[in-house]
Amino acid sequence: MAYKNLIVDKKEGIGFIKINRPKVLNALNSETIKEITKVVCELENDKKIKVAILTGEGKAFIAGADISSMANMTPLEAKEFAKLGHIMLNKIERSRIPFIAAVNGFALGGGCEILQACDIAIAAKSAKLGQPEINLGIHPGFGGTQRLPRLVGIMKAKELLLTGRNIDGDEAFNIGLVNMVVEDDQLMETAEDIAGKIAGKSSVQIQFIKELVNTGLDIDLNSANSLEISYFSSGFSTYDQKEGMKAFLEKRKPIFKGK
Ligand code: DAK
């Protein structure tokens, strides 16, 4: 499928999505948000794809929602825009495919919120992350007031949301907003290395783990543990469970088939 604002590639079970509006630092307008939602569906429907990497072209990951397209929105238009953003982020979060955010530069506002919906985030040392919405007289509209405190804790989230200050890759790592920080020229290599490791696993278990962690965090611990028991037992009906354990006993690498 052709995309106007994205560069999409597929290689060895990995989907690559690059936001490609470098003139506006990959700011998200409605069209780009719809395209990201569409490409997530496309990758999900391609059974060869097991994991995806999201990054940005040029000096930004995503510098936020497109301020020029938001500036004159009516409340109704703002509602529609916020809904589009939530649909995109829910799609990423609930996708069977894990998403790795490779944060190559500015990840501000909606850009920071996208990485919060991803499963793993890696920041380049020079990346700049934050929720500067308050400087524009608004607050985050794509889940930042909700996902950020769950990731970094309530007080740190409030500090970032209330001051609108940007943080660099090292600070993002120290507060738990990203999994790791790497030298700028190591970013894609690191992301591909992690993606490659995931791509070698059982796609059934990849999906189960995502669902268990995401759903489990929204419900009470007892119910979440019951859910784990039920997923765990259904894992024993899969080819991949038989293959994984057989391969261990035969001292060889498993070949998973995702069934
Ligand atoms: N939107 C539109 N254009 C942007 C942009 C953005 N978010 N960020 C940068 N650009 C454009 C700049 O206007 C500039 O365009 P030209 O002047 O060349 O035409 C070009 O990208 C290059 O930017 P700069 O010249 O400013 O580059 P610098 O390196 O000097 O500065 C910067 C980089 C990232 C520090 C700076 O551009 C900046 O502060 N950008 C804005 C960052 C920001 O505030 N991001 C948060 C956006 S607000 C909602 C749903 C969601 C949201 C809100 C409401 N609902 C409706 C409820 C989400 C809101 C946000 O994400």
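Residues numbered from 1 in each chain as written. Predicted model: local features only at pLDDT ≥ 70, side-chain atom pairs only at ≥ 80, totals over all residues. Heavy atoms only, no water.

Colleague: Looking at this model, I keep getting lost on a negative patch on the surface. Mind explaining?
Modeller: A cluster of acidic residues, Glu 183, Asp 184, Asp 185 and Glu 189, forms a negative patch on the protein surface. As for its placement among the helices and strands, Asp 184 is situated in the loop between strand 10 (180-182) and helix 8 (187-199). When its relative accessible area of 41% is taken as the criterion, Asp 184 is described as partly exposed. (Patch = residues over 30% accessible without salt bridge, like charges linked within 9 Å, V, L, I, M, F, W, Y side chains within 5 Å. Areas by Shrake-Rupley, 256 points an atom, 1.4 Å probe, with all protein chains shown as cover. Salt bridge = Lys/Arg side-chain N within 4 Å of Asp/Glu carboxyl O. Lys, Arg positive; Asp, Glu negative; His and termini not counted. Charge placed at Lys NZ, Arg CZ, Asp CG, Glu CD. Helix = DSSP H or I, 4+ residues; strand = E, 2+ residues; numbered from the N terminus. Buried < 20%, exposed > 50% of the residue type's maximum accessible area, 1.4 Å probe, protein only.)

Colleague: Explain the site of the ligand here, please?
Modeller: Around the ligand, 24 residues are found, and the nearest of them are Lys 59, Ala 63, Ala 65, Ile 67 and Gly 110. Here Lys 59 contributes a side-chain N or O atom positioned 2.7 Å from an oxygen atom of the ligand. Here an oxygen atom of the ligand sits 2.9 Å away from a polar atom, N or O, in the main chain of Gly 110. For the ligand, whose accessible area on its own is 1100 Å², the fraction buried by protein is 63%. Counting residues per element, the ones that place at least two in the shell around the ligand are helix 2 (67-70), helix 3 (75-94) and strand 6 (106-108). Ranked by the residues each element gives to the shell around the ligand, the list is headed by helix 3, at 3 residues. Split into classes, the residues belonging to the shell around the ligand amount to 16 nonpolar, 4 polar and 4 charged. (Near = heavy atom within 4 Å. Polar contact = N/O pair within 3.5 Å; in protein donor to acceptor, adjacent residues only side chain to side chain. Nonpolar A, V, L, I, M, F, W, Y, C, P; charged D, E, K, R; others polar.)

Colleague: Where do I start with the environment of Leu 177 in this structure?
Modeller: Within the secondary structure, Leu 177 sits in the loop between helix 7 (169-174) and strand 10. Classification of Leu 177 as buried rests on a relative accessible area of 6%. For the pair Leu 177 and Lys 257, spaced 80 residues apart in sequence, the C-alpha to C-alpha distance is 33 Å. Beyond its immediate stretch of four places on either side in the chain, Leu 177 contacts Cys 112, Leu 115, Gln 116, Ala 121, Leu 129, Leu 148, Leu 151, Val 152, Ile 167 and Ala 172. (Contact = heavy atoms within 4.5 Å.)

Colleague: Explain the pattern of salt bridges here, please?
Modeller: Two side chains that carry opposite charge are able to pair once their charged atoms sit near each other. Across all of its chains, the model carries 18 salt bridges by this definition. Close ionic contact of Asp 46 with Lys 10 constitutes a salt bridge, the shortest N to O distance being 3.1 Å. On the criterion of sequence distance, the pair formed by Asp 46 in the loop between helix 1 (30-45) and strand 3 (51-56) and Lys 10 in strand 1 (residues 6-11) is long-range, its members being 36 residues apart. The partly exposed category is assigned to Lys 10, whose relative accessible area is 36%.

Scope: geometric values only; no functional claims are made or implied.
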